[in-house]
Amino acid sequence: MNPKQLACVVLLMIIGAMTYTAQIIHNTVATTRAEAEDAETAAVTAENERSTAEIQTAVFKADTEDLRRFLRSWLPAIDHVQTQQEAEQTIELSLRERGINLVRSKKTESKQTANNKLIPRSVVTTLTIEEEFAKVLNWLGDIERRLPTARMKVVQITGGSTGSQLKMEVSFETPIFDLAAADADKKKAPAKPKAKVTKS
């Protein structure tokens, strides 16, 4: 092979190497551009989802404002009685302050609530008291004030031992709320899957 032919071969090899390198660079640039476009599209989609979520949150807050205000007004009453002992102490205090001395019978029992994280259990109190007319009715009103979440199950009033006395048999159920457990359970719930965005 003479020097001219050798020079042509070398030149062809150089041209081939340059062409191959140019092709690799072109492919790399195209891939990078496509990735940049995908990233930009994903960023726009994420921004749209964020804006939509903010709008939905604002709408939800507006729609539930009355309900949340109602809950806030009841929170002190809910926090006041968190255990069976606190419910019993509240009743004892009310009896003492209202001057109810003749308690014929008193029974307190705990009642479990299945599948209810918000109200896992309640306290059922059954009482038979006998006192003056005004004291009995005032005590019942005081219980409803001290335990506003309690649900009256039985209220029977009959005459007492004397003409000025009343005998009342009353049974009421006081729910024991567990807002922390209900909130924790709600946070553990799996989020709804988002719809996938596919490029055509």
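Residues numbered from 1 in each chain as written. Predicted model: local features only at pLDDT ≥ 70, side-chain atom pairs only at ≥ 80, totals over all residues. Heavy atoms only, no water.

Novice: Help me get a handle on the overall build of the protein, residues and values and all.
Specialist: Check the secondary structure of the protein and you find five helices and four strands. Along its sequence from the N terminus, the protein presents helices and strands in the succession α-α-α-β-β-α-β-β-α. Residues counted as buried form 19% of the 200 residues belonging to the protein. For the protein, restricting intrachain contacts to residue pairs at least 6 apart in sequence, the fraction spanning at least 24 positions comes to 65%. Surface summary for the protein: the accessible area is close to 14,500 Å², and the carbon and sulfur share equals 59%. (Helix = DSSP H or I, 4+ residues; strand = E, 2+ residues; numbered from the N terminus. Buried < 20%, exposed > 50% of the residue type's maximum accessible area, 1.4 Å probe, protein only. Contact = heavy atoms within 4.5 Å. Areas by Shrake-Rupley, 256 points an atom, 1.4 Å probe, with all protein chains shown as cover.)

Novice: Kindly report on the sheet that holds strand S3 (residues 151-159), identifying the contributing residues and their values.
Specialist: Spatially, four strands are ordered S1-S2-S4-S3 in an open sheet, and the strand pairing comes out antiparallel. Each end of this open sheet is capped by a strand with a single partner; those strands are strand S1 (103-112) and S3. Each strand of the sheet is rotated relative to its neighbour by a mean of 10 degrees, with strand direction disregarded. The sheet strands contacting helix H3 (residues 84-97) are S1, strand S2 (121-132) and strand S4 (165-176), and the helix crosses S2 at an angle near 15 degrees. Helix H4 (residues 133-146) contacts S2, S3 and S4 of the sheet and is inclined by roughly 5 degrees relative to S4. (Pairing = 2+ DSSP bridges. Axes fitted to C-alpha atoms, helices over the stretch in contact; angles between N-to-C directions.)

Novice: Please give an account of the confidence of the model for the protein that cites residues and values.
Specialist: Looking at the protein, pLDDT values average 83 and 90% of them are 70 or higher. Here residues 193-200 is a poorly scored stretch, pLDDT under 50, and it has three contacts once near neighbours within four places are set aside; other chains count. (pLDDT = per-residue confidence, 0-100.)

Novice: Run through the nonpolar core, naming residues and quoting values.
Specialist: Side chains of nonpolar character tend, in soluble globular proteins, to be buried together. If you look at the biggest cluster of nonpolar residues, it comprises 19 residues, and the most contacted ones within it are Ile91, Trp139, Met168, Val170 and Phe172. Elements represented by at least two residues in this core include exactly H3, S2, H4 and S4. The biggest single contributor to this core is S4, with five residues. In contact with Val170, not counting residues within four places along its chain, are Thr125, Thr126, Leu127, Trp139, Leu140, Met152, Val154 and Val155. (Core = buried A, V, L, I, M, F, W, Y, C linked by side-chain atoms within 4.5 Å.)

Novice: Describe the packing of H3 against H4, naming the residues involved and giving the relevant values.
Specialist: With their axes 10 Å apart at the nearest point, H3 and H4 run at an angle of 145 degrees to one another. Every pair of crossing elements has a handedness; the one defined by H3 and H4 is right-handed. Within the contact between the two elements, H3 uses Thr90, Ile91, Leu93, Ser94, Leu95 and Glu97 and H4 uses Trp139, Asp142, Ile143 and Arg146. Each residue belonging to the contact of H3 with H4 can be placed in one class, and the counts come to five nonpolar, two polar and three charged. (Left-handed = near helix turned anticlockwise from the far one by under 90°. Nonpolar A, V, L, I, M, F, W, Y, C, P; charged D, E, K, R; others polar.)

Novice: Hey, could you go over the pattern of salt bridges for me, with residue numbers and the actual values?
Specialist: Think of it this way: side chains of opposite charge can pair up when their charged atoms draw near. Per the stated rule, a full pass over the model turns up 14 salt bridges. Between Glu47 and Arg50 there is a salt bridge whose closest N-O contact spans 2.5 Å. Placement of the pair is Glu47 and Arg50 together in helix H1 (residues 3-63), with a separation of three residues, close to one helical turn. Judged by its relative accessible area of 38%, Glu47 falls in the partly exposed class. Between Asp66 and Arg69 there is a salt bridge; the shortest N-O distance is 3.0 Å. Taken as a pair, Asp66 and Arg69 lie in helix H2 (residues 65-80) at a separation of three residues, close to a single helical turn. One network of salt bridges, with partners in common, ties together Glu65, Asp66, Arg68, Arg69 and Arg72. (Salt bridge = Lys/Arg side-chain N within 4 Å of Asp/Glu carboxyl O.)

Novice: Describe the pairing of S4, listing the residues and the values that go with them.
Specialist: The element S4 is extensively covered by neighbouring structure, given that 10 of its 12 residues are classed as buried. When S2 meets S4, the two strands line up antiparallel, connected through 12 bridges. Paired with Val124 across the bridge in S4 is Glu173. As paired elements, S3 and S4 share eight bridges and run antiparallel to each other. Within S4, the residue paired with Ile157 across the bridge is Met168.

Novice: Report on H3, specifying residues and quantitative values.
Specialist: For H3, which comprises 14 residues, the first-to-last C-alpha distance of 20 Å matches the rise-based estimate of 20 Å (1.5 Å per residue) to within 8%. Residues of H3 that are buried make contact with H2, S1, S2, H4 and S4. Positive backbone phi, at 70 degrees, marks Gly99, one or two positions downstream of H3. (Expected span 1.5 Å × (residues − 1).)

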